[in-house]
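Chain and residue survey
What follows is the residue order along each chain.
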Amino acid sequence: MTALVVRNASVFYPVPGKQPVHALKNINLEIHDKDFVVALGASGCGKSTLLNLIAGFMAPSEGEISLNERVVSGPGADRSVVFQKHALMPWLNVLDNVAFGLKIQGCEKSKREKIARDFIKLLGLEQFEKHATYELSGGMQQRVGIARALTSDPAILLMDEPLGALDALTRERAQELILRVWRDTGKMVFFITHSVEEALFMGTKLVVMSPRPGRISHVFDLPFSRQYFETGNARAIKACAEFIALREKILQIIFTDEAGTHDE
Amino acid sequence: MSDTRATTGTGLWTGLMKAKPAKPGEIYGVPGQGESLKISAVVIAGLIFVWWYFTYAGLVKPLFLPSPMGVIEAFLGILKDGFTGASFWEHTWVSTLRVFGAFLLACVIGIPLGIAMGMSRVARGVFDPPIEFYRPIPPLAYLPLMIIWFGIDELSKVLLIFLSVLAPMALGARAGVKSAAIEQIHAAYSFGASRWQVIRLVVLPSAMPEIFTAMRVGIGFGWTTLVAAEMVAATSGLGYMVLSASRFLQTPIVIMGIVVIAAIAYAFDHLVRFVERRVVPWKGRA
């Protein structure tokens, strides 16, 4: 049973002459095999800080993060990151971008291109293998980023608002694509978003965070992505009464959180 | 109603100040778009014409400004008989070797140095003071030192040019390090990259556009320093040719030398731009 465990993690920055600023306070989170955990919250609630902790780009001030009982002490190929943007290498074509991580790991050219092609196919990019990344649309660039993240066969995929820069239509299609990739690869996913609808639709577990100090305020278990795999009709799920009721409830929580901390 | 001024009225001034509607395929309001080659050609022809007219009409003495024909004659003369015992091609070849030798050396040392300064606090702390100290000093000022330390042969000449190219190369490469987005660097690290792999596979390629710009600036400094480098104990070279001709008031040769230096520098700049388009086609697009 694979699992990612965040135990009592806090991050604070010292401020000269003042109380330290808490970016995150006492975060406890478990992500298990086949979980799709979505973090949702207003700006400044520490979602990205939490992702950076799990990725190993940042060390917690207190507490610890472990993956399969090994403590995380830095970035590693068992935790792949999909960034919002700017993360592809424009001097490499699509194939070489997808194979980039394998190249770093010393995988020989023919082998890494074979693996890269499998993931290019999974993400539906076969016709664009030789294209420059800057010739692709934003949605296709994100698919390249996801394919690249999958090549190192990580235990968990960390997605930092991967769809935030996409237009609404592309975004809905990309959500379904990511869900199918998740189902087919069986990876754990930690996914950050600003969109309540996206969070509800995609996650198996929803973590609502609130700011100052950044903390987890609510946790929900979600049934909607499973329903999507049964029906294949994303819009119908997003339009059903249960979905809308929960959406409004969570929006209410977020707005209340925000109002409570509006002291600037 | 000052804000409508630019869109109404017909005077020359309003015409110049008005944003022009875009042609198909152009984007409205992009500063300076469109082809400027024809304008440049007309300006060059115009300048030559004015030059020719002033000398033809006798408005300036040939000693101060020889006619275009006079310069061409001087060129053909040197092409045929050489200058102070060396052929035109020898002068050109010697100077080109000095400048490009110094330029290559500056690339080989300056680019890694700049990358190191961008990547490492220690390297920046060590190399920033000396580079910033000597950078603004005119090469002519430290030419005597170079001669005292390194003699009057090729070494001091090439080193003088090298120093003038090194600073812009190092600073360009250092600035280029900042071009890599933190997401690109994080992506590499999360695949388990070493620091060296991050430099080689992410930072250096990202810095290439800035490095090309630095090359264009740097080679310009190299040619600028050439005349100073060939001031002492040179027996050939374009800078030497210009300097000795000026001592004997051979103005046509001075102008010819200047034009030859400009032509080589211009041709090389276009070569670098050509290579740049091949190597970093993504510049400004990603």
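Keep in mind it's a predicted model, so treat the numbers as computed, not measured.

Details of the interface of chain A and chain B
With 21 residues of chain A at the contact, the number on the chain B side is 17 residues. Elements supplying a minimum of two residues to the side of chain A that touches chain B: strand 6 (79–82) and helix 3 (100–104) of chain A. No other element matches the three residues that strand 6 of chain A contributes to the side of chain A that touches chain B. By residue class, the composition of the side of chain A that touches chain B is 13 nonpolar, seven polar and one charged.

Details of the sheet that holds strand 8 (residues 188–193) of chain A
All names here are of chain A. Ordered by their spatial adjacency, six strands build an open sheet running 6-7-8-3-9-10, and the pairing between neighbours is mixed. At either margin of the open sheet sits one strand with a lone partner, and together these are strand 6 and strand 10 (215–221). Across the sheet, the mean angle separating the axes of adjacent strands is 20° when strand polarity is ignored. As paired elements, strand 7 (residues 156–160) and strand 8 share five bridges and run parallel to each other. Within the sheet, the bridge partner assigned to L158 lies in strand 8 and is F190.

Details of helix 4 (residues 109–122) of chain A
Residue and element names in this part refer to chain A. When the terminal C-alpha atoms of helix 4 are compared, their 20 Å separation across 14 residues agrees well with the 20 Å that a helix rising 1.5 Å per residue should span. Residues R112, A116, F119 and I120 constitute the buried set of helix 4. The buried residues of helix 4 occupy an angular sector of 105° when the element is viewed end-on, so they sit on one face. Counted as exposed and oriented over 90 degrees from the buried face of helix 4: S110, K111, K114, D118 and K121. Of the residues trailing helix 4, G124 is marked for its positive phi of about 70°.

What about the confidence of the model for chain B?
All names here are of chain B. In this model, chain B carries an average pLDDT of 89, and 95% of its residues clear a pLDDT of 70 or more. pLDDT under 50 marks residues 1–7. Its contacts with residues more than four places away, or in other chains, come to five contacts. ipTM for the predicted complex: 0.89, alongside a pTM of 0.83.

Quick notes on the pairing of strand 7 of chain A
All names here are of chain A. Counting buried residues along strand 7, five of its five residues qualify, which places the element largely inside the surrounding structure. The alternating pattern of strand 7 places I156, L158 and D160 on one face and L157 and M159 on the opposite face, and all of these are buried. In terms of strand pairing, strand 6 meets strand 7 through four bridges, oriented parallel. In the sheet register, R79 faces strand 7, and the bridge partner there is I156. Between the parallel pair strand 7 and strand 8, the chain is carried across by helix 6 (residues 168–185), and the sense of this crossover is right-handed.

Looking at the pairing of strand 4 (residues 62–67) of chain A
Residues and elements named next belong to chain A. In this structure, strand 1 (residues 3–13) lies alongside strand 4, joined through five bridges in antiparallel fashion. Bridge pairing links R7 to E64 in strand 4. Sheet topology places strand 4 next to strand 5 (residues 70–71); two bridges connect them, and they run antiparallel. Across the sheet, residue S66 finds its bridge partner in strand 5, namely V71. Hairpin geometry of strand 4 and strand 5 is characterised by an intervening segment of two residues between the two adjacent antiparallel strands and by a positive phi of about 50° at N68.

Remarks on the environment of A:V189
Residue and element names in this part refer to chain A. Inspection of the secondary structure assignment puts V189 in strand 8. Note: C-alpha distance between V189 and T204 (15 residues apart in sequence) is 9.8 Å. Apart from residues lying up to four places away in sequence, V189 is in contact with F36, V37, I156, L157, M159 and W182.

Section: the sheet that holds strand 2 (residues 21–32) of chain A
Reading across the sheet, the four strands line up as 2-1-4-5 (chain A) and stay open at both edges, with antiparallel pairing between neighbours. Pairing within the sheet leaves two strands with one partner each, and these edge strands are strand 2 and strand 5 of chain A.

Quick look at the nonpolar core
Formed by 138 residues in total, the largest nonpolar core has its most connected members in A:V38, A:I54, A:V189, A:F190 and B:V165. The element best represented in this core is helix 9 (residues 195–229) of chain B, accounting for 17 residues. Not counting residues within four places of it along the chain, the set of residues in contact with B:V165 comprises B:A102, B:F103, B:A106, B:G218, B:I219, B:F221 and B:G222.

Reading guide: rules and limits
Residues numbered from 1 in each chain as written. Chains lettered and ligands numbered in written order. Predicted model: local features only at pLDDT ≥ 70, side-chain atom pairs only at ≥ 80, totals over all residues. Contact = placed C-beta atoms within 7 Å. Helix = DSSP H or I, 4+ residues; strand = E, 2+ residues; numbered from the N terminus. Nonpolar A, V, L, I, M, F, W, Y, C, P; charged D, E, K, R; others polar. Pairing = 2+ DSSP bridges. Axes fitted to C-alpha atoms, helices over the stretch in contact; angles between N-to-C directions. Expected span 1.5 Å × (residues − 1). Buried ≥ 20, exposed ≤ 12 C-beta atoms within 10 Å, placed from the backbone. Arc of directions from axis to C-beta. pLDDT = per-residue confidence, 0-100. Right-handed = clockwise from strand over helix to strand, strands pointing away. Core = buried A, V, L, I, M, F, W, Y, C linked by C-beta atoms within 7 Å.

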